[in-house]
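Residue-level structure breakdown
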Amino acid sequence: MAAQGALERKQNGRQVAQKMKARMQSGYWVHNAPVGYRYKSVKGHGKLLTPDEPHASVVREAIEGFAIGRYQSQVEVQRFLETKPYYPHNNGGKVLAMRVTDLLKNPIYTGHICSEVYELNWLRGQHEPLISMETYDKVQKRLASTGYAPERKNTGKDFVLRGFATCGDCSTPLRSSWSKGARNYYAYYSCHTKDCDSYGKSIPRDKIKGAFEQIVRTLQPSPKLTALARVIFAQAWEARLAQAKDTKRSIKRQVVEIEKQIEKLVARIMDTSNEAVISAYEKRIKALEQDRVRMKQNIDRILPKAGTAEEILELSLQLLSNPWKIWKNGNLTLRRTLLRLAFTEGFSYHRNSGHRTPEISLPFKALGVFQTGMKMNGAAGEN
């Protein structure tokens, strides 16, 4: 009886595994729902993964923020998730670092099914994706690159220029701190490079802040330049649209070639019995399947949707036309974004001689050339 019971349990386990694999091959996830999804009974699908708000929005923001560099490290992603009270925490109110890594590496958020247990690679899932394959690839590339130092917890609205303001003598980022006086606390930036002439010398925060704000005020283009930028953008958009159509046709041809390669490799696997050769073929097929999935998704995303040009234009002009308004009224995230977009290098400030001319990014530099009337093709003073 014991032997018969053991045999029945083994057969039941085998049948359950076969059914689970068959359902996953059909594009359905069968394990626990990851954070950001929940199971919902859908007619014609059974239990289907569906986005679970507000967790889905938090997951999307965390992954996309890491992909574009808004969060420079996994620690910053961890801190972001810990600020969301409805995001799952442990008993200590923390989000474990391992959970952050699993979140960033999970391909299910791209809308695909992958399983090492059942040897399934990049099958198109029936559930709705939270991120694109392009975002996923950027995340994996950043995870494989050299790590970044985590952002300090005391980097906030009190020291917005921390990490951006640099010493005028040694060009290293200035540190920030509060000093206690007789009646109040005072904010300072200081250099901590021992071989620097400004080592240990403090600079009042308001002094650097005021000098930087004067620079931001000069990034104001004229209305004529805004109208000119709108015309140039429209022409560039049409040229880019034609190029995108050619790229779409090229990608379709590449997908067909990849599918032919997969078919050839599968045929070779059927004709060989060498385990090493079979393993090499399977590894190559896995890589080709991932490339095919990525290309198919790019086909659907390469052409912009209707109205996209107008939306992008308005957002871009808002930033280019009035950066001072964004700096003055924006939150910490908008201010840090402006620093990264408007300047290519840090803001160098010397404790005695003041600030140096910062290196402006190309869009603002071009607007500055037009606005100030510098010589263009032998003519001066023309807008």
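Placed above this text is the structure.
A few points on the structure. Source: prediction; values computed, not measured.

1. Brief notes about the layout of surface pockets
Here the second largest pocket defines a volume of roughly 790 Å³. In this structure, the second largest pocket is lined by 33 residues; those nearest its centre are Asp102, Leu103, Lys105, Asn106 and Pro107. Secondary structure elements with two or more residues in the lining of the second largest pocket: helix H4 (97-105), strand E3 (112-115), strand E4 (120-124) and helix H8 (275-301). The element contributing the most residues to the lining of the second largest pocket is H4, with five residues. Partitioning the lining of the second largest pocket into residue classes produces 17 nonpolar, 10 polar and six charged.

2. Side note on the environment of Gly65
When you line up the elements, Gly65 lands in helix H2 (residues 55-68). Sequence separation between Gly65 and Glu76 is 11 residues, and the spatial gap between their C-alpha atoms is 9.9 Å. The residues touching Gly65, leaving out its near neighbours within four places in the chain, are Arg70 and Tyr71.

3. Focus on the packing of aromatic side chains
For the structure shown, the criterion picks out nine aromatic pairs. Joined through ring pairs, the aromatic side chains of Phe164, Phe212, Trp327, Phe347 and Tyr349 make up one cluster. Here the basic side chain of Arg142 rests over the ring of Phe66, its NZ or CZ set 4.6 Å away from the ring centre.

4. Notes on the state of the cysteines
Taken as a whole and assessed by the stated rule, the structure comprises zero disulfides. Cys191 carries a free sulfur, and the closest cysteine sulfur to it, the one in Cys170, is 3.6 Å from it.

5. As for the pattern of salt bridges
Inspection of every chain in the model, using the stated rule, returns three salt bridges. Measuring nitrogen to oxygen at the nearest pair gives 3.4 Å for the salt bridge that ties Arg205 to Asp206. Residue classification places Arg205 among the buried positions, given a relative accessible area of 19%. When its relative accessible area of 52% is taken as the criterion, Asp206 is described as exposed.

6. Some details on the nonpolar core
One finds Val59, Ile63, Val77, Leu81, Tyr87, Leu103 and Tyr109 to be the most contacted residues of the largest nonpolar core, which totals 32 residues. Mapped by element, the contributors of at least two residues to this core are H2, helix H3 (74-82), H4, E4 and helix H5 (133-144). Here this core takes seven residues from H2, the largest share from any one element. Setting aside residues up to four positions removed in sequence, Ile63 forms contacts with Leu103, Leu104, Tyr109, Ile131, Thr135 and Val139.

7. Focus: the packing of H3 against H4
H4 packs onto H3 with a crossing angle of 100° between their chain directions and a minimal axis gap of 10 Å. Overall, the two elements H3 and H4 adopt an arrangement that is roughly perpendicular. Between H3, through Gln74, Val77, Gln78 and Leu81, and H4, the contact on the second element is made entirely by Ala97, Val100, Thr101, Leu103 and Leu104. Residues of the contact of H3 with H4, tallied by class, amount to six nonpolar, three polar and no charged.

What counts and what doesn't
- Residues numbered from 1 in each chain as written.
- Predicted model: local features only at pLDDT ≥ 70, side-chain atom pairs only at ≥ 80, totals over all residues.
- Heavy atoms only, no water.
- 1 Å grid on protein atoms, 1.4 Å probe; cavity = no way out; pocket = protein on both sides within 12 Å on 5 of 7 lines; lining within 4 Å.
- Points joined across faces, edges and corners; volume = space filled by probe spheres on them.
- Helix = DSSP H or I, 4+ residues; strand = E, 2+ residues; numbered from the N terminus.
- Nonpolar A, V, L, I, M, F, W, Y, C, P; charged D, E, K, R; others polar.
- Contact = heavy atoms within 4.5 Å.
- Phe/Tyr/Trp six-rings, centres within 6.5 Å; stacked < 30°, edge-to-face > 60°.
- Lys NZ or Arg CZ within 6 Å of the ring centre and 35° of its normal.
- Disulfide = S-S within 2.5 Å.
- Salt bridge = Lys/Arg side-chain N within 4 Å of Asp/Glu carboxyl O.
- Buried < 20%, exposed > 50% of the residue type's maximum accessible area, 1.4 Å probe, protein only.
- Core = buried A, V, L, I, M, F, W, Y, C linked by side-chain atoms within 4.5 Å.
- Axes fitted to C-alpha atoms, helices over the stretch in contact; angles between N-to-C directions.
- Parallel < 35°, antiparallel > 145°, perpendicular 65-115°, else oblique.

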